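Topology and contacts: notes
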Number of protein chains: 2
Amino acid sequence: MIKKTDKLYRNEERGTAMNKRLPKYMVLKNELLGWIESGRLSPGSQVPSENEIAERFSLSRQTVRQAFSELERQGLLERVQGKGTFVRSLNLREETVQPKTIGIVTTYISDYIFPHIVRGAEAELRSRGYRLLLASTDNDKEKEMECLRLMLSEPLSGLIIEPTKSAEGNPNLPFYLSMQSRNLPFLMINERYRELEVPCLKVDDELGGLTAVRRLVERGHRRIAGFFKTDDLQGVNRLRGFMHAHREARMPLAPEHVVTYATAQKSELPVLRARELLASPNRPTAFVAYNDELAVPLINAARELGLSVPGDLSVVGFDDSALALASGVPLTTLTHPKEEMGREAARRLIAMIEGGSAGGSPPDGDVLYVPEWIERSSAAAPSARE
Amino acid sequence: MIKKTDKLYRNEERGTAMNKRLPKYMVLKNELLGWIESGRLSPGSQVPSENEIAERFSLSRQTVRQAFSELERQGLLERVQGKGTFVRSLNLREETVQPKTIGIVTTYISDYIFPHIVRGAEAELRSRGYRLLLASTDNDKEKEMECLRLMLSEPLSGLIIEPTKSAEGNPNLPFYLSMQSRNLPFLMINERYRELEVPCLKVDDELGGLTAVRRLVERGHRRIAGFFKTDDLQGVNRLRGFMHAHREARMPLAPEHVVTYATAQKSELPVLRARELLASPNRPTAFVAYNDELAVPLINAARELGLSVPGDLSVVGFDDSALALASGVPLTTLTHPKEEMGREAARRLIAMIEGGSAGGSPPDGDVLYVPEWIERSSAAAPSARE
DNA sequence: ACATCTCATTTGTACGTACAAGCATACTAA
DNA sequence: TTAGTATGCTTGTACGTACAAATGAGATGT
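Concerning the pattern of salt bridges
All names here are of chain A.
- Per the stated rule, a full pass over the model turns up 62 salt bridges over all chains.
- Where Arg273 meets Glu276, a salt bridge forms, and the shortest distance between an N and an O atom there is 3.7 Å. A residue pair is termed a helical-turn pair when its members lie 3 or 4 positions apart in one helix, as Arg273 and Glu276 do in helix H11 (residues 269–279) at three residues.
- Take Arg273: its relative accessible area is 33%, and that puts it in the partly exposed class.
- Arg275 is the partner of Glu304 in a salt bridge, and the nearest nitrogen-oxygen pair spans 3.9 Å. Taken together, the positions of Glu304 in helix H12 (residues 292–304) and Arg275 in helix H11 put the pair 29 residues apart, joining distant regions of the chain.
- Counted as one network, the salt bridges with shared partners bring together Glu124, Arg128, Glu339, Glu340, Arg343, Glu344, Arg347 and Arg348.

Describing the sheet that holds strand S1 (residues 46–47) of chain B
Residues and elements named next belong to chain B.
- Taken together, the three strands give an open sheet; going across it, the order is S1-S3-S2, and neighbouring strands pair in antiparallel fashion. Only two strands of the sheet have a single partner each, and these edge strands are S1 and strand S2 (77–80).
- Looking at chain direction, S2 and strand S3 (residues 84–87) are connected through four bridges and run antiparallel. Looking at the pairing, Val80 lines up with Gly84 of S3.

Looking at the protein's contact with DNA strand D
- Around DNA strand D, 28 residues are found, and the nearest of them are A:Lys24, A:Tyr25, A:Thr63, B:Arg61 and B:Gln81.
- The protein-proximal atoms of DNA strand D, defined as those within 4 Å of the protein, are 67% sugar or phosphate.
- A:Tyr25 is positioned with one of its side-chain polar atoms (N or O) 2.7 Å from a phosphate oxygen of DNA strand D.
- A distance of 3.0 Å separates a base oxygen of DNA strand D from a polar atom in the side chain of A:Gln62.
- Secondary-structure elements contributing two or more residues to the surface near DNA strand D are helix H2 (24–38) and helix H4 (61–73) of chain A together with helix H3 (50–56), helix H4 (61–73), S2 and S3 of chain B.

A look at the protein's contact with DNA strand C
- Surveying the vicinity of DNA strand C reveals 26 residues, the closest of which are A:Arg61, A:Thr85, B:Lys24, B:Tyr25 and B:Thr63.
- Of everything in DNA strand C that lies within 4 Å of the protein, sugar and phosphate atoms constitute 67%.
- A distance of 3.4 Å separates a phosphate oxygen of DNA strand C from a polar backbone atom of B:Ser60.
- At a separation of 2.6 Å, a phosphate oxygen of DNA strand C approaches a polar side-chain atom of B:Thr63.
- Taken together, the elements giving at least two residues each to the surface near DNA strand C come down to helix H3 (50–56), H4, strand S2 (77–80) and strand S3 (84–87) of chain A together with helix H2 (24–38) and H4 of chain B.
- Per-element accounting of the surface near DNA strand C gives the leading share, four residues, to H4(B).
- Residues belonging to the surface near DNA strand C are distributed by class as follows: four nonpolar, 14 polar and eight charged.

Digging into the pairing of strand S10 (residues 258–261) of chain B
- What you see with S10(B) is a clean split: B:Val259 and B:Tyr261 sit on the buried side and B:Val258 and B:Thr260 on the side with no burial.
- Taken together, strand S9 (residues 224–229) of chain B, helix H9 (residues 233–248) of chain B and S10(B) constitute a β-α-β crossover, and its handedness is right-handed.

A closer look at the side chain of B:Lys202
Residues and elements named next belong to chain B.
- Tracing the backbone shows Lys202 in strand S8 (residues 200–203).
- Overall, the relative accessible area of 17% leaves Lys202 in the buried class.
- A polar contact of 3.0 Å, which involves the side chain of Lys202, links it to the side chain of Glu191.
- Among all residues touching Lys202, those that are not within four sequence positions of it are Asn190, Glu191, Asn237, Met341, Val367, Leu368 and Tyr369.

Examining the nonpolar core
- Ranked by internal contacts, the top residues of the largest apolar core, which has 107 residues, are A:Phe227, A:Phe287, B:Phe227 and B:Phe287.
- When neighbours within four sequence positions are excluded, B:Phe287 is seen to be in contact with B:Ala225, B:Phe227, B:Ala274, B:Leu278, B:Leu298, B:Leu313, B:Ser314, B:Val315 and B:Val316.
- Judged by nonpolar contacts, the second largest core, of 64 residues, contains A:Leu184, A:Phe186, B:Leu41 and B:Met179.

The rules behind the values
Residues numbered from 1 in each chain as written. Chains lettered and ligands numbered in written order. Predicted model: local features only at pLDDT ≥ 70, side-chain atom pairs only at ≥ 80, totals over all residues. Heavy atoms only, no water. Salt bridge = Lys/Arg side-chain N within 4 Å of Asp/Glu carboxyl O. Helix = DSSP H or I, 4+ residues; strand = E, 2+ residues; numbered from the N terminus. Buried < 20%, exposed > 50% of the residue type's maximum accessible area, 1.4 Å probe, protein only. Pairing = 2+ DSSP bridges. Near = heavy atom within 4 Å. Polar contact = N/O pair within 3.5 Å; in protein donor to acceptor, adjacent residues only side chain to side chain. Nonpolar A, V, L, I, M, F, W, Y, C, P; charged D, E, K, R; others polar. Right-handed = clockwise from strand over helix to strand, strands pointing away. Contact = heavy atoms within 4.5 Å. Core = buried A, V, L, I, M, F, W, Y, C linked by side-chain atoms within 4.5 Å.

Remember, this is a structural readout, not a statement about activity or role.
Written as structure tokens, this is what we have:
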């Protein structure tokens with residue numbers, strides 16, 4: 001495709017005297033510029049390697065490097081170690097700087113599984129040369145708005161968002177719509193606002209609730225109580241699976257065996273209800289807890305009442321968190337991908353950013369993780385006397 | 001005027017192996033940046049010639065040229081053939097906007113107490129209108145450099161840093177020095193690199209070690225074993241307090257009762273040693289653990305050997321983490337301010353930024369938190385038969 | 001089938017040499 | 001005196017070598 005004889009030489013022959021004799025690297029620069037402008041090298045395509053150019057033009061590699069690096073500085077080329085040199089696409093050339101910063105908004109930074117999600121995303125982003133902006137909403141929709149406003153106050157490449165109280169409405173919809181119309185890529189983790197069509201990475205919570213009950217039923221449990229937080233969709237879905245499994249097993253489900261609560265009540269109400277249930281004549285033989293964070297106090301409550309876990313009561317948690325192993329009774333629980341989810345969210349967001357298709361080229365780009373049962377010591381068959 | 005011995009050299013001598021990550025021309029760039037921003041090279045003045053720099057730093061002229069040309073590209077230098085290289089005047093490179101973004105670099109994002117520190121800082125920063133950039137080093141000095149480089153790739157108002165393996169050397173010193181000379185405010189939390197004079201917020205770890213032993217002695221313990229991580233200064237200081245308390249109480253300290261380990265060994269070695277100690281004829285009646293994270297497996301190890309906690313063995317942790325309550329035996333431990341430390345770090349950094357006195361107007365701006373004893377259930381008097 | 005390893009290719013770093021070209025100063029010759 | 005020259009500095013251009021580090025593809029082992 002590319003001719004062997006080149007203008008480079010004609011130039012030298014011709015202009016020696018009058019033309020001040022352009023330096024070779026300058027001549028090469030002009031030559032390459034011509035290639036790009038003429039379309040001989042299209043945007044995004046790979047430029048012949050330094051060695052190849054050097055040989056073809058009978059230059060040393062250092063001279064070629066000088067030409068390349070000036071073109072890189074001007075934003076026309078992009079060099080990647082180990083891969084090669086590429087013509088930067090036109091639209092990228094117009095922006096002076098690419099922000100290379102992405103934001104994550106989660107409900108809680110410090111607690112439970114969220115640090116692990118952030119960690120996974122951070123590692124992936126750092127390795128790809130992106131910086132991570134972090135903000136937390138404390139599960140408060142007003143703060144969510146604050147966070148979004150602050151994040152968007154400076155240029156940003158993309159956003160990863162964990163919705164706040166996803167089961168309720170979404171007062172910050174205008175923000176998200178404006179992001180969509182601005183072609184700012186973003187995606188959601190754990191859950192999505194129903195009003196928005198954006199890619200989402202989540203655990204199949206309904207399947208999780210289903211699995212928890214199925215496994216307990218297999219072990220012989222017939223009276224199972226469930227404790228679910230219902231102001232986010234994760235809890236709602238786990239509860240849905242919990243009930244589904246009861247229907248499936250044709251087991252009656254007493255209304256008092258379903259305990260729902262809101263985030264604000266999480267430290268009091270479920271434990272209170274648990275005590276009542278455990279003191280009742282026909283007490284449940286197993287608890288399904290919304291997550292490990294709740295499973296631990298439920299276990300402690302049971303033990304305070306003189307019941308042994310799992311001897312007298314089986315308890316199943318969710319999320320396979322650090323608490324599962326730290327707890328007195330190692331928790332039987334269902335997995336949450338945590339770090340992997342963070343990593344994958346980062347990967348997909350970067351693909352959206354760099355692929356240019358901000359809207360979401362994968363139309364159904366959701367990822368649904370299957371929660372896996374982790375057998376530890378907090379669940380067993382109900383004791384004989386039950 | 002300019003000294004013959006140079007930081008560049010000190011650095012090379014010290015960190016030959018680990019410092020190889022930072023290319024020489026980058027080191028030189030940072031060095032020159034320092035010269036310029038510190039006023040050692042005033043605007044308009046002539047920079048030593050390429051050959052002179054090359055000789056002084058024992059570099060080849062080509063390498064010096066690489067550094068110079070990058071600085072020229074950034075608009076800091078101006079080169080004139082035949083005359084020399086000059087520092088461009090300040091007004092040509094004034095900063096346009098105040099970034100209002102600060103960075104935090106910690107060892108681990110996801111584990112243990114670090115999320116709480118980040119959380120505290122995030123809350124404070126958000127309320128003051130700052131954005132938070134987060135990066136983690138995984139306790140790896142090379143990643144620390146990566147993080148710093150990435151963070152500094154765009155304008156930043158300030159940095160909060162938790163040192164990586166603070167007990168060992170600091171190969172990234174050039175970065176920190178260049179930050180200081182560029183008047184970029186930063187401070188350290190938990191520990192400080194000995195080589196740097198920067199404000200630092202930390203817990204009085206020595207006092208913590210001292211207190212732990214004192215309280216155990218008050219309860220009648222005479223044989224106390226301590227487990228400390230010694231690749232960061234926190235562990236070293238806690239150990240120091242541990243030994244100090246023994247001297248103070250005129251209690252002999254058997255060498256095998258001091259177990260030290262590195263981060264890489266944390267999941268195996270201490271528990272192994274604990275089992276040995278507990279199986280020995282004259283076993284200790286109390287353990288002081290480097291932190292709660294270690295206290296939990298120590299307790300579990302004891303219980304696996306049929307010992308009750310605190311009946312047969314008292315265990316004291318550090319940091320009052322979430323694990324302290326989740327554990328089977330609620331941990332007696334010493335506090336770590338966590339969120340408060342994060343908040344205060346953010347407050348002080350903002351004061352440094354907005355007060356303009358980047359160097360640190362509070363000459364001795366350190367904050368030393370006193371760890372407080374939290375009485376729970378893992379420590380008691382030794383049993384009578386001991 | 002899947003992870004792991006090896007290997008060739010690419011750019012990055014670092015050193016070396018040599019000479020050209022621009023600039024300032026000192027010196028020389030008309 | 002004055003113009004021109006010589007000299008010695010500077011940066012610029014150009015070539016060369018060598019090895020390091022990242023990447024991706026093909027081979028290999030389990």
